[in-house]
Amino acid sequence: MGGTSESYPGDTRTEMPAEAMLTSVTNCLDAAHFNPARWVGYPAMYAGDLSYEESMAYGIEALANVIAEENAAGNLIMLLGYSQSAVIMRRMLAMCKNGEMGDPDYLAAMIVGCALVADPVRPVGMAVGHDPGGYGLAGTEPYWDAVPLWEAAADRDPICAAPYNSFLRTAADFTGFFGFTAKALNRWMTDAGQKIRNKEWQNANLDWGQFWLIGMRVNQAIDQLGGYLPQSPLNPGGGRHTCYNKELVPGSPFTFCELL
């Protein structure tokens with residue numbers, strides 16, 4: 001499954017798109033054991049006609065349908081996700097663990113692994129080849145340890161390697177339900193109010209010493225945002241979230257996708 005904007009509403013493709021980030025992973029796989037690569041389309045967007053959380057719900061439904069089809073055919077499954085779809089896969093595996101997708105023991109045998117690129121909920125220290133520090137911008141979510149997990153994460157990609165006290169975490173916490181429809185705006189305001197009342201956003205848990213390091217955190221956030229935005233003459237250090245298929249892992253002759 002692709003990241004934000006790599007898939008779209010009504011995406012019925014089943015073959016890997018040549019332009020997708022994860023093509024650089026699937027092209028390296030042994031076709032005798034990983035064939036064919038099955039693309040799962042969904043309306044991958046953030047704060048558009050659908051909110052991020054609405055988009056995620058559609059993605060989970062699409063992935064659940066494919067897993068059910070592959071299980072019915074008796075096929076083993078390796079999950080491969082990039083950015084937004086990494087969270088979809090994590091949530092799907094949590095559902096499998098809880099028995100919402102069928103017998104957990106059977107699914108643990110059928111789903112042989114999960115590999116994720118630029119995961120917004122990457123845990124501290126989990127990385128293949130190189131650990132950039134920090135962890136996922138959206139915090140952490142439960143994971144099913146019955147399924148082996150591999151993660152690729154690059155330096156200065158705030159989506160998967162943000163410092164724990166990043167201002168950008170607050171943006172992530174409060175925009176999950178944001179959208180441009182009346183329904184989405186109402187849901188967003190309700191969610192924001194609940195998080196404020198219950199202190200359910202990540203930076204609410206900082207100690208006062210860290211909370212008031214405003215200057216450092218602002219400069220840090222500007223650097224992280226620059227890392228996320230596209231590379232350009234005005235932003236030469238950008239493009240960190242899209243570097244995985246072309247940048248070599250530090251100390252390795254392989255790109256992040258190739259090493260994964």
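Residues numbered from 1 in each chain as written. Predicted model: local features only at pLDDT ≥ 70, side-chain atom pairs only at ≥ 80, totals over all residues. Heavy atoms only, no water.

S.K.: Tell me about the sheet that holds strand S2 (residues 111–117), and name the residues and values.
M.R.: Overall, parallel pairing links the three strands, which are arranged S1-S2-S3 in an open sheet. Each edge of the open sheet is held by one strand with a lone partner, namely strand S1 (77–82) and strand S3 (149–152). On average, each strand axis in the sheet is tilted by 15 degrees relative to the strand beside it, whichever way the strands run. Helix H3 (residues 84–97) rests against S1, S2 and S3 of the sheet, and its axis sits at about 140 degrees to S1. (Pairing = 2+ DSSP bridges. Helix = DSSP H or I, 4+ residues; strand = E, 2+ residues; numbered from the N terminus. Axes fitted to C-alpha atoms, helices over the stretch in contact; angles between N-to-C directions. Contact = heavy atoms within 4.5 Å.)

S.K.: Outline the packing of helix H2 (residues 52–72) against H3, listing residues and values.
M.R.: Running from amino to carboxyl end, H2 crosses H3 at an angle of 60 degrees, the nearest separation of the two axes being 9 Å. Here H2 is positioned oblique relative to H3, judged by the angle of their axes. Between H2 and H3 lies a crossing of right-handed hand. Together, Tyr 52, Glu 53, Ser 55, Met 56, Gly 59, Ile 60, Leu 63, Ala 64 and Ile 67 of H2 and Gln 84, Val 87, Ile 88, Met 89, Arg 91, Met 92 and Met 95 of H3 make up the contact between the two elements. (Parallel < 35°, antiparallel > 145°, perpendicular 65-115°, else oblique. Left-handed = near helix turned anticlockwise from the far one by under 90°.)

S.K.: Before we move on, could you go through H3 and cite the residues and values that matter?
M.R.: In an α-helix, one turn spans 3.6 residues; hence positions three or four apart end up facing the same way. Across its 14 residues, H3 extends 21 Å between first and last C-alpha, which sits within 8% of the 20 Å expected from 1.5 Å per residue. Residues of H3 that are buried sit in contact with H2, S1, helix H4 (104–110), S2 and S3. (Expected span 1.5 Å × (residues − 1).)

S.K.: So what's going on with a nonpolar patch on the surface? Residues and values would help.
M.R.: Together, Leu 29, Phe 34, Leu 76, Met 78, Val 112 and Trp 150 give the surface a local cluster of nonpolar side chains, amounting to about 510 Å² of exposed area. Tracing the backbone through its elements, the reader meets Trp 150 in strand S3. (Patch = residues over 30% accessible without salt bridge, like charges linked within 9 Å, V, L, I, M, F, W, Y side chains within 5 Å. Areas by Shrake-Rupley, 256 points an atom, 1.4 Å probe, with all protein chains shown as cover. Salt bridge = Lys/Arg side-chain N within 4 Å of Asp/Glu carboxyl O.)

S.K.: Before we move on, could you go through the nonpolar core and cite the residues and values that matter?
M.R.: A general feature of soluble globular proteins is that nonpolar side chains tend to end up buried together. Leu 63, Leu 79, Leu 93 and Cys 114 are the most contacted members of the largest nonpolar core, which has 30 residues in total. Among the elements of the structure, H2, S1, H3 and S2 are those that each provide at least two residues to this core. The element that contributes the greatest number of residues to this core is H2, accounting for eight residues. For Leu 79, the residues in contact, after removing those within four places along its chain, are Leu 63, Ile 67, Met 89, Leu 93, Ile 111, Gly 113, Cys 114 and Ala 115. Grouped together as the second largest cluster of nonpolar side chains are 18 residues, Val 25, Ala 153, Ala 161 and Phe 256 included. (Core = buried A, V, L, I, M, F, W, Y, C linked by side-chain atoms within 4.5 Å. Buried < 20%, exposed > 50% of the residue type's maximum accessible area, 1.4 Å probe, protein only.)

S.K.: Before we move on, can you summarise the environment of Pro 236 with the specific residues and values?
M.R.: Within the secondary structure, Pro 236 sits in the loop between helix H9 (214–228) and helix H10 (256–259). In this structure the C-alpha to C-alpha distance between Pro 236 and Gly 226, which are ten residues apart in sequence, comes to 8.7 Å.

S.K.: How would you explain H2 if you had to name every residue and give the values?
M.R.: Over its 21 residues, H2 runs 30 Å from end to end, which matches the ideal 30 Å to within 8%, given 1.5 Å per residue. Trailing H2 by a residue or two, Gly 74 shows a phi angle of about 75 degrees, which is positive.

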